[in-house]
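# Structural overview for review
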Amino acid sequence: MAIRNLLNRSFVAGARFMSSWFRNIEPAPKDPILGVAEAFLADQSPYKVNVGVKCAYHNDKGKPVVLECVREAERRIAGNQFMEYLPIGGSIHMIEESLKLAYGDDSEFIKDKRIAAVQALSGTGACRLFAAFQQRFHPKTQIYMPVLTWANHHNIWRDAGVPIKTFRYYHPESKGLDFPGLMVDIKNAPDGSFFLLHACAHNPTGVDPSEEQWREISSQFKAKGHFPLFDMAYQGFASGDPERDAKAIRIFLNDSHLIGVAQSYAKNMGLYGQRVGCLSLLCENEKQAVAVKSQLQLIARPMYSNPPLHGALVISTVLGDPELKKLWLKEVKVMADRIIGMRTALRENLENLGSPLPWNHITNQIGMFCYSGMTPEQVDRLTNEFHIYMTRSGRISMAGLNTSNVGYVANAINEVTKSA
Ligand code: PMP
């Protein structure tokens, strides 16, 4: 009896100790996007439109899409593949195909085995792996990020323990690129700085440098010895042509830079939830590439052991088969063209309504998002009076627009902005 009492007492004391360390944990701040999603779901209006949180492509009927090339790849994979672990660095076939996409089919760097590459947990995982690698081998160097950038970039490098600096990028007045500001900031950064660049379809602004501007950026990088990591989350999704969307990378390669590339198959292959991507680093020679790859694997091993298999099988099946690849190229163009078409429709509708404001930035910008320039108060009116949901930054996810709602959205935007 005495022993039981003693045990009970120590159990109660133990439980008190266990609960106390959770008691001190505050809830994390809510992501503003979640609030928008909840409000959208709760809205009973038949007119409601969500152009805030749809980071995934939806077709003209507002429905998510599984690409036909992916369906066919899955038919071929089903029951024909073992489901054992991949190596730490992932699928060799998937990596080979990814490198061809990013560096070009006939890239001398691939032939010379100068690229250290590992499969990654989609674009986010590729960025995080790079950030951890940077922290380990260049611990004192900060990373320069554009103002603005995808909000998660800040979280990724912060959690990896890398100090973050910023460089000018978006110009609010023109709703375009602050090219002079960007060039000055690149010039003023210490020699050998690390820069995060969006290869195409900049998120959240939709503003990309022109080819000529990329050339100037590349030559300034050369002069300063900066290192670029290209985040390429939207290859093919921007223009409809993966080759064209890799232009910035090819310009840097022509200028003999060493570069990093974070690739994602979320958008361009519609494999959002499969978490499949690739991180590659172009080195000076094969020996360096072998060493770098082994260190990337050393970082990956204790984080997640090895990457998921299914998405990698889908990618290598689609990109490794000329017929399926042709189908993919067709399908990715259909998605990009729909988004580009919605940009034209939104702009034309606003102009036809006699909006006193210029809307050319809608069609000048590219990719999934349009940085509309609307104020937080105008966005509030869109939501409260017209049941149109987006974040207060005024960023419109073009995937949420379709031929049935674009006229309604244009009319609402005109109503809330015409007296500005
Ligand atoms: N980079 C950018 C710029 C993005 O917009 C996204 C997706 N929103 C990602 C990376 C990562 O996406 P994922 O991890 O789904 O590939």
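Residues numbered from 1 in each chain as written. Predicted model: local features only at pLDDT ≥ 70, side-chain atom pairs only at ≥ 80, totals over all residues. Heavy atoms only, no water.

## Here we look at the overall build of the chain
Assigned secondary structure in the chain consists of 17 helices and 13 strands. A compact globule built from 420 residues should have a C-alpha radius of gyration of about 22 Å, and the chain, at 24 Å, falls within 12% of that. Taken along its principal axes, the extent of the C-alpha atoms in the chain is 80 × 70 × 55 Å. Expressed as a percentage of the 420 residues in the chain, the buried residues total 50%. Counting only contacts in the chain whose residues sit at least 6 apart along the sequence, the fraction spanning at least 24 positions is 75%. When the accessible area of the chain is evaluated, it comes to approximately 20,100 Å², of which 55% is carbon and sulfur surface. Of the charged side chains in the chain, 46 are positive and 41 negative; the average position of the first set lies 7 Å away from that of the second. (Helix = DSSP H or I, 4+ residues; strand = E, 2+ residues; numbered from the N terminus. Rg over C-alpha atoms; globule rule 2.2 N^0.38 Å. Buried < 20%, exposed > 50% of the residue type's maximum accessible area, 1.4 Å probe, protein only. Contact = heavy atoms within 4.5 Å. Areas by Shrake-Rupley, 256 points an atom, 1.4 Å probe, with all protein chains shown as cover. Lys, Arg positive; Asp, Glu negative; His and termini not counted. Charge placed at Lys NZ, Arg CZ, Asp CG, Glu CD.)

## Considering the site of the ligand
If you check the shell around the ligand, you find 14 residues, and the closest are Ser122, Thr124, Asn203, Asp231 and Ser264. Measuring from an oxygen atom of the ligand, one finds a side-chain N or O atom of Thr124 at 2.5 Å. Here an oxygen atom of the ligand and a side-chain polar atom of Tyr234 are 2.7 Å apart. Coverage of the ligand by the protein chains reaches 93% of its 390 Å² of free accessible surface. Looking at which element gives the most residues to the shell around the ligand, the answer is helix 6 (residues 122–137), with 3 residues. (Near = heavy atom within 4 Å. Polar contact = N/O pair within 3.5 Å; in protein donor to acceptor, adjacent residues only side chain to side chain.)

## Some thoughts on helix 11 (residues 247–254)
Counting buried positions over the 8 residues of helix 11 gives 6, a clear majority of the element. What helix 11 keeps buried is the set Ala248, Ile249, Arg250, Ile251, Phe252 and Leu253. One or two steps after helix 11, the chain reaches Ser256, where phi turns positive at roughly 60 degrees.

## Considering a nonpolar patch on the surface
A contiguous nonpolar surface patch, about 350 Å² in accessible area, is contributed by Trp21, Phe22 and Ile25. Inspection of the secondary structure puts Trp21 in helix 1 (residues 2–23). (Patch = residues over 30% accessible without salt bridge, like charges linked within 9 Å, V, L, I, M, F, W, Y side chains within 5 Å. Salt bridge = Lys/Arg side-chain N within 4 Å of Asp/Glu carboxyl O.)

## Some remarks on the pattern of salt bridges
For side chains of opposite charge, pairing can occur when their charged atoms come near one another. Evaluation of the coordinates by the stated rule reveals 19 salt bridges. Here Glu212 and Arg215 are joined by a salt bridge, their closest N and O atoms 3.9 Å apart. Of this pair, Glu212 and Arg215 are both found in helix 9 (residues 211–224), 3 residues apart, which corresponds to roughly one turn of the helix. When its relative accessible area of 37% is taken as the criterion, Arg215 is described as partly exposed. For Glu351, the salt bridge is made with Arg347, and the minimal N-O distance between the two is 2.8 Å. Separated by 4 residues within a single helix, Glu351 and Arg347 lie in helix 14 (residues 322–352), roughly one turn from each other. On the basis of relative accessible area, Arg347 is assigned to the partly exposed category, the value being 24%.

## Describing the packing of helix 13 (residues 310–320) against helix 14
Here helix 13 crosses helix 14 at 100 degrees, and the two axes come no closer than 5 Å. With respect to their mutual orientation, helix 13 and helix 14 come out roughly perpendicular. Facing helix 13, whose interface residues are Thr317, Val318, Leu319 and Gly320, helix 14 presents Pro322, Leu324, Lys325 and Trp328. In terms of residue class, the contact of helix 13 with helix 14 is made up of 5 nonpolar, 2 polar and 1 charged. (Axes fitted to C-alpha atoms, helices over the stretch in contact; angles between N-to-C directions. Parallel < 35°, antiparallel > 145°, perpendicular 65-115°, else oblique. Nonpolar A, V, L, I, M, F, W, Y, C, P; charged D, E, K, R; others polar.)

## Topic: the domain arrangement of the chain
On domain assignment, one finds that the chain holds domain 1 (30–65 + 334–415) and domain 2 (86–320). For domain 1 and domain 2, the distance between their C-alpha centres works out to 28 Å. Contact with domain 1, which involves 17 residues of that partner, is made by 19 residues of domain 2. The interface formed by domain 1 and domain 2 contains 0 salt bridges. At the junction of domain 1 with domain 2, the criterion picks out 4 residue pairs in polar contact (both at pLDDT 80 or more). Of all the elements in the fold, those that place two or more residues in the side of domain 1 that touches domain 2 are helix 14 and strand 11 (369–371). Tallying contributions element by element places helix 14 first for the side of domain 1 that touches domain 2, with 4 residues. Classifying every residue of the side of domain 1 that touches domain 2 by side-chain character gives 11 nonpolar, 5 polar and 1 charged. (Domains from an automatic or database assignment.)

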